[in-house]
Amino acid sequence: MASASLLKTSPVVDKSEWVRGQTLRQPSVSVVRCHLVAPSGLTVRASSYADELVKTAKTIASPGRGILAMDESNATCGKRLASIGLENTEANRQAYRTLLVSAPGLGQYISGAILFEETLYQSTTDGKKMVDVLVEQNIVPGIKVDKGLVPLAGSNNESWCQGLDGLAPRSAAYYQQGARFAKWRTVVSIPNGPSELAVKEAAWGLARYAAISQDNGLVPIVEPEILLDGEHGIDRTFEVAKKVWAEVFFYLAQNNVMFEGILLKPSMVTPGAECKDRATPQQVANYTLSLLRQRIPPAVPGIMFLSGGQSEVEATLNLNAMNQAPNQWHVSFSYARALQNTCLKKWGGRPENVKEAQEALLVRAKANSLAQLGKYTGEGESEEAKQGMFVKGYVY
């Protein structure tokens with residue numbers, strides 16, 4: 001196994017800290033072997049933000065807390081608003097996002113909030129900057145930086161994630177606006193293969209994004225989502241995820257990403273949504289933790305699972321089961337619909353319902369906080385919270 005002395009032929013910008021604890025595969029034609037002690041401009045170094053990145057990642061991965069994903073694009077937010085009979089206007093989006101960030105005591109359970117670009121630069125209905133409201137709640141502001149999925153030519157009807165062009169200056173601007181972490185979501189479809197091309201494209205895109213984010217002070221959330229679509233069983237999901245995660249961490253290492261300054265946002269290992277054999281929370285926990293142990297470097301400070309269309313209660317039960325077993329990571333959540341679904345319905349776009357909606361959000365946030373600590377019981381959950389939210393071919 002080669003070490004960090006495997007260096008690219010192109011020079012890397014000199015930064016303040018050495019990359020530690022990372023290994024690369026055997027060298028290819030694009031790398032050369034040299035000794036770090038030799039006089040050379042070819043050095044593998046971490047970002048000058050290294051200390052801050054580690055601190056931010058550890059803050060987000062703090063006990064009993066997780067991430068509120070509220071980074072839906074304007075189009076997707078419009079679908080959510082339409083479900084309660086509201087028009088997709090900036091004023092309505094602002095009102096809903098104000099409701100979320102200003103929920104009293106939210107920071108007790110939520111350590112980070114992923115925002116869409118509009119929200120990062122937006123003020124609340126009371127005229128306060130959304131970013132400032134989050135910071136006052138002790139919540140780290142984050143930003144979605146990818147530009148969405150597009151068809152991947154040459155694949156089996158699969159997709160790739162765009163957004164690398166111009167990412168560096170955008171990231172620098174987001175940092176200036178107050179963001180301290182970023183999110184990039186790409187997906188792999190099991191019914192469509194997945195093809196080797198799609199897996200490598202997903203892994204490489206995540207790695208380039210992560211390197212660029214760290215270079216601009218943002219902790220990258222690395223999100224390789226294995227879509228729930230399909231009739232496959234849990235063993236098939238496990239095998240595909242094992243392959244995808246291996247590729248992701250190989251390319252992260254090739255791109256000199258500092259593992260201590262990232263967060264992983266993977267799917268839980270579950271059967272396909274249309275599989276007749278359902279898995280218990282204990283089975284999901286066993287498969288998912290086994291995958292973590294086989295594929296994830298211990299240096300990664302936080303595993304912030306996505307819900308991926310699970311019901312609110314199902315996502316919480318599965319997270320709780322994982323935290324009742326020994327593991328060496330901060331195993332937590334980064335949920336969107338699994339935190340917001342009941343809250344949105346309670347609000348219904350009516351100002352007089354804001355308090356009730358915020359209480360619903362806090363109920364779900366507290367439940368997942370308890371699950372992160374392995375102390376969730378599931379008592380008193382409504383039937384509404386148990387309803388699945390899987391949408392076949394879901395995009396946002």
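Let me sum up the structure you'll find in this document. (Residues numbered from 1 in each chain as written. Predicted model: local features only at pLDDT ≥ 70, side-chain atom pairs only at ≥ 80, totals over all residues. Heavy atoms only, no water.)

All right, on to the overall build of the protein then. Each helix and strand counted, the protein has 12 helices and 12 strands in total. In the protein, buried positions account for 57% of the 396 residues. Within the protein, counting contacts between residues at least 6 apart in sequence, those at least 24 apart form 81% of the total. On the protein, roughly 16,400 Å² of surface is accessible, and the fraction owed to carbon and sulfur atoms is 51%. (Helix = DSSP H or I, 4+ residues; strand = E, 2+ residues; numbered from the N terminus. Buried < 20%, exposed > 50% of the residue type's maximum accessible area, 1.4 Å probe, protein only. Contact = heavy atoms within 4.5 Å. Areas by Shrake-Rupley, 256 points an atom, 1.4 Å probe, with all protein chains shown as cover.)

Over its 15 residues, helix 9 (residues 281-295) runs 21 Å from end to end, which matches the ideal 21 Å to within 8%, given 1.5 Å per residue. Where helix 9 is concerned, the buried positions are Val284, Ala285, Thr288, Leu289, Leu291 and Leu292. Angularly, the buried residues of helix 9 cover 155 degrees about the axis, an arc narrow enough to put them on a single face. (Expected span 1.5 Å × (residues − 1). Arc of directions from axis to C-beta.)

So, on to unusual backbone geometry. Of note, the amide linkage connecting Gly193 to Pro194 takes the cis form, showing an omega dihedral of -15 degrees. The backbone phi angle of Asn138 is positive, close to 65 degrees, even though this residue is not glycine. Along the chain, Asn138 falls in the loop between helix 5 (130-136) and strand 5 (140-144). For Asn138, a relative accessible area of 49% puts it in the partly exposed group. Phi at Asn256 takes a positive value of approximately 60 degrees, unusual for a residue other than glycine. Along the chain, Asn256 falls in the loop between helix 8 (234-254) and strand 10 (263-264).

This next bit is on the environment of Leu292. Here Leu292 lies in helix 9. Since its relative accessible area comes to 0%, Leu292 is described here as buried. For the pair formed by Leu292 and Ile303, sequence separation is 11 residues and the distance between their alpha carbons is 9.0 Å. Filtering out sequence-adjacent residues up to four positions away, Leu292 remains in contact with Trp245, Ile303, Phe305, Trp329 and Val331.

Counting residues in hydrophobic clusters, the biggest one holds 110 residues, and the most contacted among them are Leu106, Tyr209, Phe249, Leu252, Leu292, Ile296 and Trp347. Sort the elements by how many residues they give to this core and helix 8 lands first, with 12 residues. (Core = buried A, V, L, I, M, F, W, Y, C linked by side-chain atoms within 4.5 Å.)

It is worth spelling out the packing of aromatic side chains at this point. Scanning the entire structure with this criterion turns up eight aromatic pairs. A ring pair is formed by Phe249 and Phe259, whose centres lie 5.6 Å apart and whose planes are at 75 degrees; its orientation type is edge-to-face. Placement of Phe249 in helix 8 and of Phe259 in the loop between helix 8 and strand 10 is noted, with a sequence separation of 10 residues between them. Of the two residues, Phe249 and Phe259, both sit in the buried class. Ring centres of Phe250 and Tyr251 lie 4.9 Å apart, and the angle between their planes is 45 degrees; on these two criteria the pair is classed as tilted. Like Tyr251, Phe250 is buried. Taken together through their ring pairs, the aromatic side chains of Trp204, Phe250 and Tyr251 make up a single cluster. Lying over the aromatic face of Tyr175, Arg180 brings its terminal NZ or CZ to 3.7 Å of the ring centre. (Phe/Tyr/Trp six-rings, centres within 6.5 Å; stacked < 30°, edge-to-face > 60°. Lys NZ or Arg CZ within 6 Å of the ring centre and 35° of its normal.)

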